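Residue-level listing of the chains:
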Amino acid sequence: YRVYLMALAGTLTLCTAFCSSVPSSGLFDIVKEFHTTSNVVKASVFLFVASFCVGPLVWAPLSEMFGRRIIFIISYIGFVCFNVGCMQSQNIASLIVCRIFAGAFGSSAMSNSPSMIAGLFHMKYLMVTITIFALMPVAGPCLGPIVGGYIIQAGADWRWIFRVCTIFSFVLLVLVIFTMPETMDPQRLQMKAKRLRKETGDDRYRAPVELRNIEWWKLPGQVVGKPIKMIIVEPMLLATTVYISFVYGTLYLLFVAYPFVFELKHHLRPGSVGLTFLGFFVGCLAAGLYCIFVDHPMYVKGMERNGGKPLAPEVRLRPCMLGSVLLTVSLFWFAWTSYDSISFWSPLVAGGMFGSGLFFIFMSLFTYIVEVYI
């Protein structure tokens, strides 16, 4: 059951990442219908991701106060509604606004899923579970252009791209409502206290969370202020956050570069251009296998030598050191071989190396942050 909950939390993240990139395949059709420029339409992709900077400032602190399940439900209701708004947009302005709000509501999965997964499993298995989870936010952006490319290649209207986003997010919302329990310990104790009061008639059963005094007028400042304060007073957290943001942002630059290189330079069809992102995913998968079958056994052996106690969180940074080198090499490789006079296999393989580097960095720093602030 815990594996199912981990898979569900990961799929929520997959859906958000999928919806972030899938419109990139329909950019040219949107430009024609709304009579605008490609740069304006690209804003619907990039501003979706930019809203990830805002949403978690609200969803993460609220989940600590009121529980993860209710936050997932509220945020995904908004996510579904704004995907419908994208589907029904009659001009480019409404499309961009709906995309911004869709990203902000969908980002709850990005911020809350890792902490939910960390609470389900023992620290010994944290690397394995975070590795499996980390495949989702990197697989989603790869899956999006593939699905979107074949929707456009089949001759369907670009609105079908957002219909798929709506269907995907709505199915996950139903699964959250009917199959995801509350996993935060304070809220589970509150549920237990309510059950005991009902069974025994004794009102003395109280959970600690029920004894707190919430000053609602201070809540907005506390919700938004806590993450900002942590960023300011924790230089390590600021450094890792900036690095993850840069790396994840670089991934989204590929959604502009890949169609230019493989469609305009190498004359591949839209569906085939989407398939080129599989090279990136294969690189991520190879990095994930390395983390599970090489780095994780090294960590377990270190725990055994340490008397079964967890090692210092900095041990989790080993994959990141490897990934930082792969990332730099792959970007130079991709940039210097993206010409029509060079086989498309060269930038394709460079994209795979970029995927490995990104995954090492993304997964390593995620695990590190979770362990430091467990």
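For the structure itself, consult the block above.
Residues numbered from 1 in each chain as written. Predicted model: local features only at pLDDT ≥ 70, side-chain atom pairs only at ≥ 80, totals over all residues. Heavy atoms only, no water.

### Overview of the overall build of the protein
Next up, step 1: The number of helices and strands found in the protein is 16 helices and 0 strands.
Next up, step 2: What you see for the protein is a C-alpha radius of gyration of 22 Å, in line with the 21 Å of a compact globule of 374 residues.
Next up, step 3: When the backbone C-alpha atoms are referred to their principal axes, the protein occupies close to 75 × 55 × 40 Å.
Next up, step 4: Every one of the 374 residues in the protein was classed for burial, and the buried ones make up 49%.
Next up, step 5: Here the contacts in the protein between residues at least 6 apart in sequence split such that 81% fall between residues at least 24 apart. (Helix = DSSP H or I, 4+ residues; strand = E, 2+ residues; numbered from the N terminus. Rg over C-alpha atoms; globule rule 2.2 N^0.38 Å. Buried < 20%, exposed > 50% of the residue type's maximum accessible area, 1.4 Å probe, protein only. Contact = heavy atoms within 4.5 Å.)

### Notes on the pattern of salt bridges
Next up, step 1: As enumerated under the stated definition, the model contains 6 salt bridges in all.
Next up, step 2: Arginine 159 is the salt-bridge partner of glutamate 33, the closest N and O atoms lying 2.9 Å from each other. With a gap of 126 residues between them, glutamate 33 in helix H2 (residues 27–34) and arginine 159 in helix H9 (residues 159–179) connect regions that are remote in the sequence.
Next up, step 3: According to the relative accessible area criterion, glutamate 33 is partly exposed, its value standing at 33%.
Next up, step 4: One salt bridge in this structure joins aspartate 202 and arginine 204, with 2.8 Å as the shortest N-O distance.
Next up, step 5: For arginine 204, a relative accessible area of 72% translates into the label exposed.
Next up, step 6: One salt-bridge network, in which partners are shared between bridges, spans Glu33, Asp157 and Arg159. (Salt bridge = Lys/Arg side-chain N within 4 Å of Asp/Glu carboxyl O.)

### Concerning the environment of phenylalanine 334
Next up, step 1: By secondary structure assignment, the location of phenylalanine 334 is in helix H15 (residues 318–336).
Next up, step 2: The exposure class assigned to phenylalanine 334 is buried, which follows from its relative accessible area of 11%.
Next up, step 3: Note: C-alpha distance between phenylalanine 334 and phenylalanine 262 (72 residues apart in sequence) is 12 Å.
Next up, step 4: Phenylalanine 334 has contacts with Ala257, Tyr258, Val261, Pro347 and Ala350, leaving out every residue within four places of it along the chain.

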